[in-house]
Amino acid sequence: MKKALHNKTTFLFVFSILLTLRGFAQTTFTVGDLNYQVNDDGVSVTIISSVGGQGATGELNIPESVNYEGNDYAVTAIGDNAFLYGFFTGGLNIPNSITSIGDGAFAYCCWFTGDLIIPNSVTSIGEGAFQICYGFTGNLTIPNSVVSIGDFAFNSCDGMTGTLSIPNSVTSLGPDTFSYTAFSGITVDPENSVYDSRDNCNAIIATSTNELVTGCKSSFIPNTVTTIGLDAFKGCQGLTTIDIPNSVTSIGADAFSFCYSLTGDLTIPNSVTTIGAGAFFYCSSFDGTLTIGESVTFIGDYAFRNCSGFTEAVSLAVTPPELGCEPGWDCVVFEYFGTPTLTVPYGCAPAYQNSAWYDPMGWNGFYEFIEAEFDAVSETEDVASAVYPNPATGVVRIEAEDIRSICIYNISGQKVFEGITNGDAFEYDFGKHKAGVYIIVAETPKGTETKKVTIL
């Protein structure tokens, strides 16, 4: 009895596999130049490839429906990598039956021409769907049906030079969706609940976080933006100047990398604390002064690598910001930088000299540090302040309107005091410290003032 049950179970198991294999074989077919797979609903199909594969040429017209063995199927999806590396030399026509465009569906189809119109039936565009389709020479139309656009979806589609319009339906964008593009402007539908283009800034901003997600060559950064996101302007063609407002506290990795057209000076405002890896990598056309704000505490690897055009560099930070070198590798934050000389606050040269900022050859850092007395560095209003007596032997009085906090550093950049206070004056006794030069940083609502005092 047990043997009979065993044999029956084995038979049913094998039979089910045969049915599955038979069903699988029947789910794919070819009509014309395209290969299809029947979807689970049994009445629609996904395009899985072209018969010509990578050798497919000419204009690509995707049908709305196909007939196979007497059955009509609606063409509703373009599968992952369906036309990867296709050599199409004309336009692309996508019918209104398509609801999804898969990952890499048209990636590296470099020779498409004309406009790219996504039909009003599509709800999702996959990762890298049109990556490196630089042959499109017209406009990109994204309809109000699209909800999500994957990372790298239109990366390197630099032939599209019109205005990029994000409809109110889009709620998900990858960070690298529009890198290496040349859009003349960007708009976001005012009804969009996730993204906005406030103040006609020609950029995409995440409304809830105030993070600038994507910019273009005509963007400006509103003073309500707090973060410039990962890859926000990466490879942005035609971007020649950028003004970072003092509302920004962090600049993401590769935010401006490969922006070859940026020229002039670059000022990192005093509000910024972190600069991500590769943030300005290969911005080789800057030909003025790089000024790094006093609040910067961390600069990621490659951040200013190959910024070979800068003629001057200034760091207002009393303590050298940490350089985020990759473990096991040489620190290349400033490799191939334009100048080997860095100007730092008075009394701070030894601290920079003894840090990762120093490179005796000047190939991967700076070998000369020049000290300078910087004026008040408030981004809004001048801070009226005084420090006396100076020189001093003991108690020093610090005066400024509505002092919020005080930090004091020795000549090596080490913090010897930090305190929260209030009022217009603060006194500190240097009697317990060694003779030398000290840097006093006073924070007020109007900005931050840096002063030096000599202790005898």
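Use the structure listed above.
Throughout, residues of each chain are indexed from 1 in the direction in which the sequence is written. In keeping with the predicted nature of the model, local features appear solely for residues at pLDDT of at least 70, side-chain atom pairs appear and are counted solely at 80 or more, and the whole-chain, interface and lining totals rest on all residues. The basis for every side-chain value is the complete set of non-hydrogen atoms in the structure, without hydrogens or water.

Strands are runs of DSSP state E lasting at least two residues, helices are runs of H or I lasting at least four, and both sets are numbered from the N terminus onward. Counting its secondary structure elements, the chain contains two helices and 35 strands. Counting over 456 residues, the chain shows a buried share of 51%. Here, two residues are considered to be in contact whenever any of their heavy atoms come within 4.5 Å of each other. Put simply, 53% of the contacts in the chain that link residues at least 6 apart link residues at least 24 apart. The method behind every accessible area is Shrake-Rupley, applied with a 1.4 Å probe, and residues are considered shielded solely by the protein chains displayed. Accessible surface, the chain as shown: approximately 20600 Å² in total, 51% of it carbon and sulfur. To sort residues, take the accessible area from a 1.4 Å probe on protein chains only and compare it with the maximum for the residue type: under 20% means buried, over 50% means exposed, and anything in between is partly exposed.

Our focus in this paragraph is the nonpolar core. Remark: nonpolar core denotes a set of buried residues (Ala, Val, Leu, Ile, Met, Phe, Trp, Tyr, Cys) joined through side-chain atoms within 4.5 Å. Among the nonpolar cores identified, the biggest contains 55 residues, and Ile 251, Phe 256, Phe 280, Ile 299, Phe 304 and Phe 334 are the most heavily contacted of them. If you list the elements that add at least two residues to this core, you get strand E17 (203-206), strand E21 (266-268), strand E23 (289-292), strand E27 (341-345), helix H2 (349-353), strand E31 (405-409) and strand E34 (436-444). Setting aside residues up to four positions removed in sequence, Phe 304 forms contacts with Leu 266, Ile 275, Phe 280, Leu 290, Ile 299, Val 333, Phe 334, Glu 335 and Phe 337. Counting 52 residues, the second largest nonpolar core, distinct from the first, contains Ile 62, Ile 78, Cys 109 and Phe 178.

It is worth spelling out the pairing of E31 at this point. The element E31 is extensively covered by neighbouring structure, given that five of its five residues are classed as buried. Covered by surrounding structure in E31 are Ser 405, Cys 407 and Tyr 409 together with Ile 406 and Ile 408, the residues of both alternating faces. Strands are treated as partners if at least two bridges between them are detected by DSSP. Examined bridge by bridge, E31 and strand E32 (residues 415-420) share five bridges and lie antiparallel to one another. Looking across to E32, one finds that Cys 407 is bridged to Glu 418.

Basic side-chain nitrogens of Lys or Arg form a salt bridge, by our definition, when they fall within 4 Å of a carboxyl oxygen of Asp or Glu. Evaluated as defined, the whole model comprises seven salt bridges. Between Asp 196 and Arg 198 there is a salt bridge; the shortest N-O distance is 2.8 Å. Taking the relative accessible area as the measure of exposure, Asp 196 reaches 16% and is therefore buried. Given a relative accessible area of 17%, Arg 198 falls into the buried group. Within this structure, Arg 397, Glu 399 and Glu 427 form a network of salt bridges that share partners.

This part takes up the pairing of E23. Neither face of E23 is open: one carries Thr 289 and Thr 291, the other Leu 290 and Ile 292, and all of them are buried. Bridging between E23 and strand E25 (residues 312-315) involves four bridges; their strand directions are parallel. Bridging from a neighbouring strand, Leu 290 pairs with Ala 313 of E25.

Here Asp 359 shows up in the loop between H2 and strand E28 (368-372). Comment: no salt bridge for buried Asp 359; closest opposite-charge side chain is Arg 305, at 11 Å. Sequence-distant contacts of Asp 359, that is, excluding residues within four places in its chain, are made with Asn 364, Gly 365, Phe 366 and Tyr 367. In this charge count, Lys and Arg are treated as positive and Asp and Glu as negative; neither His nor the chain ends contribute.

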